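Fold and geometry: a report
Chain residues, written in single-letter form:
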Amino acid sequence: MRMSRLFSQTLREAPADAEMPSHKLLVRAGFIRQLAAGIYTAMPLGKRALTKIENIMRAEMNAIGGQEITMPVVHPAEIWQETGRWYQIGSEMGRFKDKNDRDMVLGMTHEEVVADLTRKEIHSYRQLPVLIYQIQTKWRDDPRPRAGLIRVREFTMKDSYSLDADWKGLDKQYRAHYQAYFNIFHRCGIPVIAVKSDVGMMGGKMAHEYMYLTPYGEDTLLLCDACDYSANRQIATFQKQAAPAEEPQLLEKVATPECKTIAELAEFLGIPESKTAKAVFLIAEIPEGEESVQKFVFAVVRGDMELNETKLTNALKASELRPATEEEIIAVGAVPGYASPVGLPEKNDYLPVVTVVDELIPQSANLVAGANEAGYHLLNTNYGRDYKADIVTELTAARQGDGCPRCGEPLREVRGVEVGNIFKLGTRYSDAMGATFQDKDGKEKPVIMGSYGIGSGRLLASVAEEHHDEYGLIWPITVAPYQVHLVVLTGKKGGEETLQTAEQLYRDLRDAGVEVLYDDRVASPGVKFNDADLIGLPIRLTVSARALSQGGVEFKRRDQQERRLIPLDEIITAVKDEIATLHADIMAKVVEVPFVD
RNA sequence: CGGGGUGUGGCGCAGUUGGUAGCGCGCUGCGUUUGGGACGCAGAGGUCCGGGGUUCGAGUCCCCGCACCCCGACCA
């Protein structure tokens, strides 16, 4: 490709609204352009890099028996109503009506379509197992798109779906993906770790997320350096220190003026925060059939701990959870800052109240809790004696330094970008949509499903994030839009001859099957070199009068400082060798990764 | 959805007490230059986010919207 014809320009300055290095550089180098919040065009360079990534995905999917298909972007609402997600998922789902006033959905994922295909195509255990996949556009109207391509609303995703006759089959396909995904990321040149994760809107039995670790990541992970425990903060557990057993003491009301926070309360009473109970108020949306009801949630955790809203959401089977406002808290008869489940009015005119307490609360005697009266707290509240909860479960968030649930060593908190995920769905969708098959024993059984996704744009951005320096991008050979950046410098002296040499080299390289971006523009050396660094192709060749007079063409790798002169007639071989070396270096990193349950 | 910020030429920005818009980069033409974002000369390019209002007069002041970015909530 000639740069004089390339449909994108480099920018000297990044748009002011870009923050992450990958975002700035992808825009500056002309890989992407923004159309609206979270909506981007892939320009020619970006598209080529994406295609490289997607072909790696294809290769790895095909290697584990995948068959590529393309499913529709637009779905009738009916299939989403069948599984209930039409009601469960909120504003994130793109909905519209067609001209006949029928409800339609913009596909955010394709379990429903796969289940529909399955019930139409699969009738016998003889047809299983199956692995199908597609690389296709998704729409998720994220409330807050950000960070360039990391978090967008419209994006391309490789999503695969496994269909099995039994759980053993699912396990096999799940593990095949587990490794194939590592292969994909390693072939793209980024290190990732797999962590156990929440199943979220997908439902199902088990899930892993592949995390690229970077401070710019928006997910928080807890890792144990001593054993191999790793989990998303949303589901991470830890070893809780149970309080020493005590005899329940008499309930006592004390004045605690200006003690609205746990810290102030503990300080005022001279007790550790672990001797207090913290109440958190939320409003939950809980689906019940095709309807959903709002409930006021009273969550109680020990004062020294933090509520984990994902765990609470799961305990409530809620579709939405948000903090309650002061007005709402008052409306149910509680007093902000001094609230507790003790002495809460049985009924209120606002919303039904659900009380959920952390498992540690019943084990902790004589906690200080609010008195539901401004300026007062209760000493010695005891679960069971003074109040009861609707649900007792594990509710607290793991934090840096908490004990690993497996080995007790301190956990470490890191940030990461979720570049892929795998889910054991089980029969959630096949049950809902009647996707069954006849098994060997003659019985009708639901197909067992798995679902696996990788966003290609997010992966591209992660690769850019991992591989760049102050001058620009540094693409791994496997992802680079072109392998070679050919620069011609045509000074006054010998300009014509230099140009002819470069033109010939451009043709020869292409004839040899090398992917070349050829900077044939009329521009100064500084401009060309800076653009080459910015775009970041792995190998740079410079044809100039100076280099030619010294006997050849200058050869430089983007990831190295050294430049060397290579005679013209050896260039093609040298380039092909270097490409092979770069590939080999990447493939050396594609290794077996032990499965961590 | 809460909190904060920003909207002026393609990009980055300035614009004073309110007086009819400017700088750098980029772009066009001509010439000089050519190994790390060259220089000269001549140009093109602006509904100042939108709508109301105040005023003789609004990029500037006041309302109401919208868009984009950041933090949080949320998120496969």
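Residues numbered from 1 in each chain as written. Chains lettered and ligands numbered in written order. Predicted model: local features only at pLDDT ≥ 70, side-chain atom pairs only at ≥ 80, totals over all residues. Heavy atoms only, no water.

**Examining the pattern of salt bridges**
When the charged atoms of two side chains lie near each other, side chains of opposite charge can form a pair. Spelled out, the test is: Salt bridges are defined by distance alone: a side-chain nitrogen of Lys or Arg within 4 Å of a carboxyl oxygen of Asp or Glu. Numbered from the N terminus, helices here are DSSP runs of H or I no shorter than four residues, and strands are runs of E no shorter than two. For every residue, the accessible area (1.4 Å probe, protein chains only) is compared with the maximum for its type, and the residue is labelled buried under 20%, exposed over 50%, or partly exposed between those bounds.
Considering all chains together, one arrives at 31 salt bridges under this definition. Linking K138 and D159 is a salt bridge whose minimum nitrogen-to-oxygen distance equals 3.0 Å. On the criterion of sequence distance, the pair formed by K138 in strand β7 (residues 130-139) and D159 in strand β8 (residues 154-164) is long-range, its members being 21 residues apart. Here K138 falls in the buried class, since its relative accessible area comes to 0%. For D159, a relative accessible area of 1% gives the class buried. One network of salt bridges, in which partners are shared, links D469, D533, R540, E554 and R558.

**Re the sheet that holds strand β19 (residues 376-381)**
Here is the rule we go by: Pairing between strands requires that DSSP locate at least two bridges from one strand to the other. Throughout, an axis means a line fitted to C-alpha atoms (over the contacting stretch in the case of helices), and angles, computed between N-to-C directions, take values from 0 to 180 degrees.
Strand order in the open sheet made by the three strands is β13-β19-β18, with antiparallel pairing throughout. Because the sheet does not close on itself, it has two edges, and the strands there are β13 (252-255) and β18 (367-373). With strand direction ignored, the average angle separating the axes of adjacent strands in the sheet is 35°. In the sheet, β18 pairs with β19 via four bridges, with the strands oriented antiparallel. Among the inter-strand pairings, A369 is bridged to a residue of β19, identified as L378.

**Some points on the packing of helix α2 (residues 44-63) against helix α6 (residues 167-187)**
What counts here: To sort the angles, those under 35 degrees are grouped as roughly parallel, those over 145 as roughly antiparallel, those from 65 to 115 as roughly perpendicular, and the leftovers as oblique. In a left-handed crossing the near helix is turned counterclockwise from the far helix by less than a right angle, and in a right-handed crossing that turn is clockwise. Note on contacts: a residue pair is in contact if any heavy atoms of the two residues lie within 4.5 Å. Only Asp, Glu, Lys and Arg are considered charged in this grouping, and only Ala, Val, Leu, Ile, Met, Phe, Trp, Tyr, Cys and Pro are considered nonpolar; every other residue, Gly among them, is considered polar.
Axis separation between α2 and α6 bottoms out at 10 Å; the angle between their running directions is 150°. Regarding the angle of α2 to α6, the classification is roughly antiparallel. Judged by the sense of rotation from one axis to the other, the crossing of α2 with α6 is right-handed. Together, I56, M57, A59, E60 and M61 of α2 and H177, A180, Y181, N183, I184 and R187 of α6 make up the contact between the two elements. When grouped by side-chain class, the residues that make up the contact of α2 with α6 number seven nonpolar, two polar and two charged.

**Notes on the protein's contact with RNA strand B**
Basically, it comes down to this: For this purpose, a residue is taken to be near a molecule or strand whenever a single non-hydrogen atom of the residue falls within 4 Å of it. Two N or O atoms count as a polar contact when they lie within 3.5 Å, although within protein this holds only if one can serve as hydrogen donor and the other as acceptor, and sequence-adjacent residues are included solely when both atoms are side-chain atoms.
Inspection of the region around RNA strand B gives 48 residues, with R140, F155, D533, S544 and E554 positioned closest. Counted by atom, the contact set of RNA strand B within 4 Å of the protein is 51% sugar and phosphate. Side-chain polar atom of S524 to a phosphate oxygen of RNA strand B: 3.1 Å apart, as the coordinates give it. Elements supplying a minimum of two residues to the surface near RNA strand B: β1 (32-36), β8, β21 (411-426), α13 (525-535), β29 (539-544) and α14 (545-549). Looking at the surface near RNA strand B, the element that brings in the most residues is α13, giving seven residues. Its residues placed into classes, the surface near RNA strand B shows 19 nonpolar, 10 polar and 19 charged.

**Description of a nonpolar patch on the surface**
To keep it simple, the criterion reads: Patches in this entry comprise residues that are over 30% relatively accessible and not in a salt bridge; like charges within 9 Å are linked, as are nonpolar side chains (Val, Leu, Ile, Met, Phe, Trp, Tyr) within 5 Å. A 1.4 Å probe and the Shrake-Rupley method give the accessible areas. Residues count as covered only by the protein chains that appear here.
Together, V73, V74 and F96 line one region of the surface with nonpolar side chains, adding up to about 200 Å² of accessible area. Considering the arrangement of structural elements, one finds V74 in strand β4 (residues 74-76). We classify V74 as partly exposed; its relative accessible area is 35%.

**What about the nonpolar core?**
In a soluble, globular protein the nonpolar side chains are often hidden away together inside. Here is the rule we go by: What we call a nonpolar core is a set of buried Ala, Val, Leu, Ile, Met, Phe, Trp, Tyr and Cys residues that are connected through their side-chain atoms within 4.5 Å. Note that domain bounds follow an automatic or database assignment of domains.
Membership of the largest hydrophobic core comes to 58 residues, with the highest contact counts inside it found for L26, F31, Y181, F185, Y210, L459 and W475. At eight residues, α6 tops the list of elements feeding residues into this core. For this core, the two domains that each supply at least three residues are domain 1 (3-235 + 413-465) and domain 3 (482-587). Counting 26 residues, the second-largest nonpolar core is a separate cluster that includes V113, V130, A207 and M433.

**Topic: the pairing of strand β6 (residues 103-106)**
Direction of pairing for β4 relative to β6: antiparallel, over a ladder of three bridges. Within β6, the residue paired with H75 across the bridge is V105. With four bridges joining them, strand β5 (residues 94-97) and β6 adopt antiparallel strand pairing. Directly across from K97, in β6, lies its bridge partner D103. Once β5 ends, the chain turns through five residues before running back antiparallel as β6, passing D101 with a positive phi of about 70°.

**A short note on the sheet that holds β4**
Sheet architecture is open: three strands sit in the order β4-β6-β5, paired in antiparallel fashion. Only two strands of the sheet have a single neighbouring strand rather than two, namely β4 and β5. Across the sheet, the axes of successive neighbouring strands diverge by a mean angle of 35°, strand direction being ignored.

**Some points on the environment of T220**
Note on placement: T220 falls in strand β11 (residues 219-224). In this structure T220 comes out as buried when scored by relative accessible area, which is 13%. If near-sequence neighbours (up to four positions away) are discounted, T220 is found in contact with N232, R233, E413, V414 and R415.

**With respect to the domain arrangement of chain A**
By the assigned domains, chain A splits into domain 1 (3-235 + 413-465), domain 2 (252-393) and domain 3 (482-587). Taking only C-alpha atoms into account, the centre of domain 2 sits 67 Å from that of domain 3.

**Details of the packing of helix α1 (residues 21-28) against helix α11 (residues 456-466)**
For the pair α1 and α11, the least separation of the axes is 8 Å and the interaxial angle reads 100°. When the axes of α1 and α11 are compared, the pair comes out roughly perpendicular. Every residue of α11 that contacts α1 at P21, S22 and L26 is listed here: A461, A464 and E465. Taken together, the residues of the contact of α1 with α11 sort by class into four nonpolar, one polar and one charged.

**Describing α6**
Quick note on the threshold: The span expected for a helix works out to 1.5 Å for each residue beyond the first.
Between the first and last C-alpha of α6 there are 30 Å, a value that for 21 residues agrees with the 30 Å anticipated at 1.5 Å per step. Here α6 lies mainly inside the structure; 15 of its 21 residues are buried. One or two positions beyond α6, positive phi appears at G189, with a value near 80°.

**Considering the packing of aromatic side chains**
The geometry of an aromatic ring pair is captured by the separation of the ring centres together with the interplanar angle, meaning the angle of the planes. Under the convention used in this document: Stacked, tilted and edge-to-face pairs are distinguished by plane angle, under 30 degrees for stacked and over 60 for edge-to-face with tilted covering the rest, among Phe, Tyr and Trp rings (Trp via its six-membered ring) whose centres lie within 6.5 Å. Put simply, a charge is over a ring when the Lys NZ or the Arg CZ is close to the ring centre, within 6 Å, and near the line of the ring normal, within 35 degrees.
One pass over the structure, following the stated rule, counts 11 aromatic pairs. Both rings, one in F182 and one in Y210, keep their centres 5.1 Å apart while their planes meet at 70°; by these two values the pair is edge-to-face. One end of the pair, F182, is in helix α6; the other, Y210, is in strand β10 (residues 206-213), with 28 residues separating them in the sequence. Taken together, the ring pairs connect Y174, Y178, Y181, F182, F185, Y210, Y452 and F595 into an aromatic cluster. Above the face of the W86 ring, R95 is positioned so that its terminal group lies 4.6 Å from the ring centre. Of note, R510 hangs over the ring of Y506, and the distance from its end group to the ring centre comes to 4.1 Å.

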